[in-house]
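# Structural overview for review
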Amino acid sequence: MSSIPTVYVPCDSSARAVGADEVAGAIAAESRRRGQPLHIVRNGSRGLTWLEPLVECATASGRIGFGPVRPEDVAALFDAGLPGPAAHPLAIGQLEELPYLKSQQRLTFARIGITDPRSVDDYLAHEGFAGLRRALSMAPEAIVKDVIDSGLRGRGGAAFPTGIKWQTAMRAAARPKYVVCNADEGDSGTFADRLIMESDPLVLIEGMTIAGLAIGAEMGYIYVRSEYPDSVLALKEAIQAARAAGYLGSDLLGSGRRFELEVRMGAGSYVCGEETAMLESLEGRRGIVRAKPPLPAINGLFGQPTAINNVVTLATIPIILARGASFYRDFGVGRSRGTLTVQLAGNVRHGGLIEVAFGVTLRELLDQWAGGTASARPVRAIQVGGPLGTYVPPSHWDTPLDYEAYAKFGGVVGHGSVVVHDDTVNLAKMARFAMHFCALESCGKCTPCRIGAVRGVEVMDKIIAGQDTERQIGLLRDLCDTMVNGSLCAMGGMTPYPVISALNHYPEDFQKGTDHAGRRSTQKPAAVA
Ligand SMILES: Cc1cc2nc3c(=O)[nH]c(=O)nc-3n(C[C@H](O)[C@H](O)[C@H](O)COP(=O)(O)O)c2cc1C
Ligand code: SF4
């Protein structure tokens with residue numbers, strides 16, 4: 001083992017956005033200046049966003065961290081002892097002992113922030129490709145059975161059982177077949193897919209290859225949103241490395257089986273995350289939703305059988321194959337098995353990625369992880385499940401995050417985004433935002449969504465202006481009913497969710513003369529909590 005100390009500086013876009021490249025450069029320059037050689041590894045982010053750039057040093061007793069580090073902190077950190085334990089205000093001790101991480105159950109995200117995303121050797125040293133090795137020795141039916149038995153449901157939003165989808169594609173007779181990874185990640189407050197692609201892309205490659213073996217596909221596509229150029233680069237590098245090491249290509253680990261992958265970039269449209277609009281876009285056309293049936297599993301990309309799954313779904317496959325279906329299904333509650341990837345965002349001090357077994361509550365997320373609001377004001381509303389998710393009021397903050405428990409009160413878990421708002425939020429304005437978002441992003445194929453969203457904005461404007469409020473609220477409820485029941489896809493069908501939840505739980509915000517949080521516009525905001 002090399003005696004040169006190792007220092008880790010994340011290379012994912014959330015760390016780079018707050019100066020990680022400059023910090024890595026400053027550390028390299030300082031080590032040269034002091035004649036103190038260092039091995040700098042650009043790991044991925046651990047998902048503790050408020051600590052980025054988070055610098056870690058390998059020590060005999062584990063990895064210790066410092067964060068958030070700015071380039072101008074680097075010389076003082078060296079003076080204090082970096083790359084060893086350093087008494088410095090930015091020191092946060094051993095990473096594995098941080099309560100934020102220690103209280104999580106990281107299965108899908110076990111390697112993020114730990115390994116070098118580009119290194120196949122590092123991946124192998126951390127249980128990488130164990131699932132693929134096992135899958136290569138199994139019949140397709142046995143792989144599909146493992147996935148069904150694990151209880152895994154799609155993490156892209158609809159929570160459809162993954163094994164059942166794969167079974168349909170496996171049984172389809174037509175050839176060729178395809179695996180498509182949905183990496184459009186358009187939901188507000190979400191970043192789990194991005195973290196996988198930039199911090200542990202090999203796990204996605206492994207999951208897609210196993211999907212190919214299961215359904216009989218030899219080609220896969222990863223559809224990445226254009227706003228994620230770092231993800232595209234990380235994936236391309238990882239695909240090349242996996243191919244060079246025999247984990248992709250025409251002879252997977254000498255088995256004679258083949259699987260290839262290509263990365264495709266979207267063009268920045270929310271509705272292209274809807275799976276059939278994504279297929280249109282992948283085929284080179286405008287992203288317009290297709291009517292279902294036929295199901296993509298039978299008639300998908302280029303009219304062929306296609307398994308479409310979200311990044312997190314596919315990245316969860318390797319651990320299921322490596323450790324077994326029962327290992328995975330032992331986590332979770334009810335029919336929501338395994339772990340949920342919470343992306344804690346919005347007005348919180350400690351935003352980040354939290355992977356825990358299904359069943360955690362919003363109150364636990366607030367109390368154990370969020371560290372209060374960034375504004376230091378009380379929390380008023382929490383939107384769960386993206387821009388089409390409901391605003392969850394305090395009366396449901398103790399409801400376990402589980403697909404069925406949320407559906408019971410009209411909520412959605414979706415892709416796991418949890419966006420926190422303090423007591424200055426105005427839910428009428430947020431309801432208008434939902435309608436406006438839908439009007440901008442609607443693909444235009446069906447009337448309830450295309451026209452309904454535009455009318456929804458007009459009605460919301462009248463309500464906010466206090467014009468004929470009660471009648472307009474009645475119209476708004478009617479309109480929401482039409483959109484829920486008459487839209488072709490969940491874009492128009494779910495836009496009313498945030499609107500109706502705002503109306504039901506925060507009716508005071510829709511009354512004439514209120515500014516925010518249902519206060520009369522002449523009233524001063526409550527004192528800071
Ligand atoms: C408007 C709209 C946007 C969507 N955006 C995404 C997305 O960005 N990523 C995603 O995985 N699924 C998205 N979905 C869900 C997909 O249609 C599909 O259910 C999912 O990709 C299937 O993968 P899963 O079974 O692994 O969840 C969206 C659905 C709708 C209606
Ligand atoms: S609901 Fe909206 S996005 Fe979906 S098909 Fe209709 S117009 Fe297109």
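Being a predicted model, the structure only gives us computed values, none of them experimental.

### Focus: the overall build of the protein chain
Helix and strand counts for the protein chain come out as 21 helices and 16 strands. Against the compact-globule benchmark of 24 Å for 529 residues, the protein chain has a radius of gyration of 24 Å, which places it among compact chains. Principal-axis analysis of the C-alpha atoms gives the protein chain an extent of 75 × 65 × 40 Å. Looking at the protein chain as a whole, 58% of its 529 residues are labelled buried. Approximately 20,400 Å² of the protein chain is accessible, and the part contributed by carbon and sulfur atoms is 54%. Seen as two clouds, the 53 positive and the 55 negative side-chain charges of the protein chain have centres 3 Å apart.

### Description of the sheet that holds strand S7 (residues 219-224)
Sheets are built from strands that pair by backbone hydrogen bonding, the pairs being arranged parallel or antiparallel. A sheet is described by the order of its strands in space; here four strands give the open sequence S8-S7-S6-S9, paired in parallel fashion. The sheet is open, and its two borders are formed by strand S8 (260-265) and strand S9 (306-310), each paired with just one other strand. Averaged over all pairs of adjacent strands, the angle between their axes in this sheet comes to 20 degrees, without regard to strand direction. Here strand S6 (residues 178-183) pairs with S9 via five bridges, running parallel. Pairing of Cys181 across the sheet is with Asn309, part of S9. The sheet contacts of helix H12 (residues 275-282) involve S6, S7, S8 and S9, and relative to S6 the element is tilted by about 110 degrees. Sheet strands touched by helix H13 (residues 311-323): S6 and S9. Its angle to S9, the strand with the most contacts, is close to 95 degrees.

### Quick word on the nonpolar core
Core analysis: the largest hydrophobic core is formed by 64 residues, its most contacted members being Ile143, Trp166, Leu204, Met208, Ile222, Val224 and Leu321. Residues in contact with Leu204, not counting those within four places in the same chain, are Cys181, Ile196, Met197, Ile222, Leu235, Val311 and Leu314. One finds Val271, Val412, Cys480 and Cys489 within the second-largest nonpolar core, a separate group that totals 37 residues.

### Section: the site of ligand 2
Not every one of the 13 residues close to ligand 2 is listed here, only the nearest: Cys443, Lys445, Cys446, Cys449 and Cys489. In this structure the site holding ligand 2 corresponds to the largest cavity. By residue class, the composition of the shell around ligand 2 is eight nonpolar, four polar and one charged.

### Structural notes on the site of ligand 1
Among the 18 residues in the neighbourhood of ligand 1, the closest are listed as Gly156, Lys165, Asn182, Asn310 and Thr313. In this structure, an oxygen atom belonging to ligand 1 sits 3.1 Å away from a main-chain N or O atom of Glu185. One nitrogen or oxygen atom from the main chain of Gly273 is found 3.2 Å from a nitrogen atom belonging to ligand 1. About the coverage of ligand 1: the protein hides 91% of its 610 Å² of free accessible area. With respect to the detected pockets, ligand 1 is housed in the largest pocket. It is S9 that provides the largest number of residues to the shell around ligand 1, a total of three residues. Across the shell around ligand 1, the residue classes tally to four nonpolar, eight polar and six charged.

What counts and how
- Residues numbered from 1 in each chain as written.
- Chains lettered and ligands numbered in written order.
- Predicted model: local features only at pLDDT ≥ 70, side-chain atom pairs only at ≥ 80, totals over all residues.
- Heavy atoms only, no water.
- Helix = DSSP H or I, 4+ residues; strand = E, 2+ residues; numbered from the N terminus.
- Rg over C-alpha atoms; globule rule 2.2 N^0.38 Å.
- Buried < 20%, exposed > 50% of the residue type's maximum accessible area, 1.4 Å probe, protein only.
- Areas by Shrake-Rupley, 256 points an atom, 1.4 Å probe, with all protein chains shown as cover.
- Lys, Arg positive; Asp, Glu negative; His and termini not counted.
- Charge placed at Lys NZ, Arg CZ, Asp CG, Glu CD.
- Pairing = 2+ DSSP bridges.
- Axes fitted to C-alpha atoms, helices over the stretch in contact; angles between N-to-C directions.
- Contact = heavy atoms within 4.5 Å.
- Core = buried A, V, L, I, M, F, W, Y, C linked by side-chain atoms within 4.5 Å.
- Near = heavy atom within 4 Å.
- 1 Å grid on protein atoms, 1.4 Å probe; cavity = no way out; pocket = protein on both sides within 12 Å on 5 of 7 lines; lining within 4 Å.
- Sits in = over half its atoms within 2 Å of the grid points.
- Nonpolar A, V, L, I, M, F, W, Y, C, P; charged D, E, K, R; others polar.
- Polar contact = N/O pair within 3.5 Å; in protein donor to acceptor, adjacent residues only side chain to side chain.

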